[in-house]
Amino acid sequence: MKKLLMALFVSLPLTVWAWTPQKPLTVMVGFPAGGNVDNVARIIERALERQGVRSVVENRAGAGGVIATNHLHKAPPDGHTLMLTPTSFIFSKLLDRPGTDYDVVDGFSHVAFIGTVENHLYANSRAEGDVRQILADTRSGKKRYRWGVTNPGAEFTAHIISATLGTNIDIVTYNGGPQAIADLLGGHIDLIIDSGTSALRQHAQEGRVRLLATLNNRKDDRAALEHHLPGVVTFSFFGVSLPRDISPAVRDYHQSLFARALADPETQRELAQLGVRAGSAQSFRELIRSQMAVYAPVANRIQSK
């Protein structure tokens, strides 16, 4: 009898505490179908399917992702609703956008870090000189370049560059990439800051625009902007978040699920094709915390203008 009771006790974590989905998972995306965030979500949907887990991508576009974030914030913590969380998640909060009365660090369960995308600086074909010359001309005031930014992250990056150069730069904001790219090709703006998942990569390969610099901190990358502006390193990121009050069993299930899904070679291949560098084992929650600290002073400068 004693052995039987011990066997029942040992089996309790599997029979009582284990959790599995009772219906397809809903992967929310705060942006329209066909964009960079949506493309990553579709890769994740296929990755989950290869793990035998059914999921549905739901686009709740609007307010720079705030609508989807609020929906997640208010969703029942039953483990079936999650969100593909991009960099705009922190920028909307830092800029105090309407509807962002939530805590981006502790108001959610951040269960998986997917990876990062390099930010790039491009120039149109009429902008003369390499990045060193363009930065020198900007700092001295010899030339005034118009810097296009396609999202809040790019805008924050432009302000970091401006502060590091010690001069104001002309920043032109766009709601997404298509119009910004058209203006760059047409010569209406001189430079553009955008992520590596953009169609600009194709234009650069075909010689319509020039890749001036990447904004990473890899010492072996001679195109890194940090060689000319030390400390200027920015990137976009993707992760997976659930409502805050999920149970430990739900958290453990999702962390294990995404660890397997992201380790799948096909998933890594698809992410790499999109320009996403697969993440390490670092905590997504701590990444969000650290990025909030990096960008908070920039937010104050933007809001004071």
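Attention here is on the structure that accompanies the text. (Residues numbered from 1 in each chain as written. Predicted model: local features only at pLDDT ≥ 70, side-chain atom pairs only at ≥ 80, totals over all residues. Heavy atoms only, no water.)

### Looking at helix α11 (residues 284-304)
The end-to-end C-alpha distance of α11, which contains 21 residues, comes to 30 Å, matching closely the 30 Å that a straight helix rising 1.5 Å per residue would cover. The largest bend in α11 comes to about 40°, at Y295, with the proline P297 one to four residues further on. Turning to α11, its buried residues are F284, L287, I288, Q291, M292, Y295, V298, A299 and I302. Its buried side turned inward, α11 meets β3 (81-86), α4 (88-94), β4 (108-124), α6 (152-165) and β9 (235-243). (Helix = DSSP H or I, 4+ residues; strand = E, 2+ residues; numbered from the N terminus. Expected span 1.5 Å × (residues − 1). Bend = angle between axes of the 7 residues up to and from the residue. Buried < 20%, exposed > 50% of the residue type's maximum accessible area, 1.4 Å probe, protein only. Contact = heavy atoms within 4.5 Å.)

### Notes on unusual backbone geometry
A positive phi angle, close to 55°, is found at A63, a residue other than glycine. Following the sequence through the fold, A63 ends up in the loop between β2 (55-59) and α3 (66-74). Judged by relative accessible area, which is 53%, A63 ranks as exposed. Within the chain, D96 stands out as a residue other than glycine whose phi angle is a positive 55°.

### Some remarks on the pattern of salt bridges
Oppositely charged side chains can form a pair if their charged atoms are brought close together. Under the criterion given, the structure shown has 12 salt bridges. Between E270 and R50 there is a salt bridge, with its nearest N and O atoms 3.6 Å apart. Within this pair, whereas E270 is found in helix α10 (residues 265-273), its partner R50 is found in helix α2 (residues 36-50), the two being separated by 220 residues in sequence. Here E270 falls in the buried class, since its relative accessible area comes to 10%. What makes R50 partly exposed here is its relative accessible area of 35%. In this structure, E286 and R285 form a salt bridge, with 2.8 Å as the shortest nitrogen-oxygen distance. Exposure remark for E286: the relative accessible area of 36% places this residue in the partly exposed category. Assessed through its relative accessible area of 28%, R285 is described here as partly exposed. (Salt bridge = Lys/Arg side-chain N within 4 Å of Asp/Glu carboxyl O.)

### As for the packing of aromatic side chains
By the definition in use, this model includes 9 aromatic pairs. Arranged with centres 6.5 Å apart and planes meeting at 5°, the rings of F89 and Y102 form a pair that is stacked. One end of the pair, F89, is in helix α4; the other, Y102, is in the loop between α4 and β4, with 13 residues separating them in the sequence. Centre to centre, the rings of F113 and F284 are 6.3 Å apart; their planes meet at 15°, and the pair counts as stacked. Linking F113 in strand β4 with F284 in helix α11, this pair joins segments that are 171 residues apart in sequence. Take F113 and F284: they sit in the same class, and that class is buried. (Phe/Tyr/Trp six-rings, centres within 6.5 Å; stacked < 30°, edge-to-face > 60°.)

These figures capture arrangement, not role.
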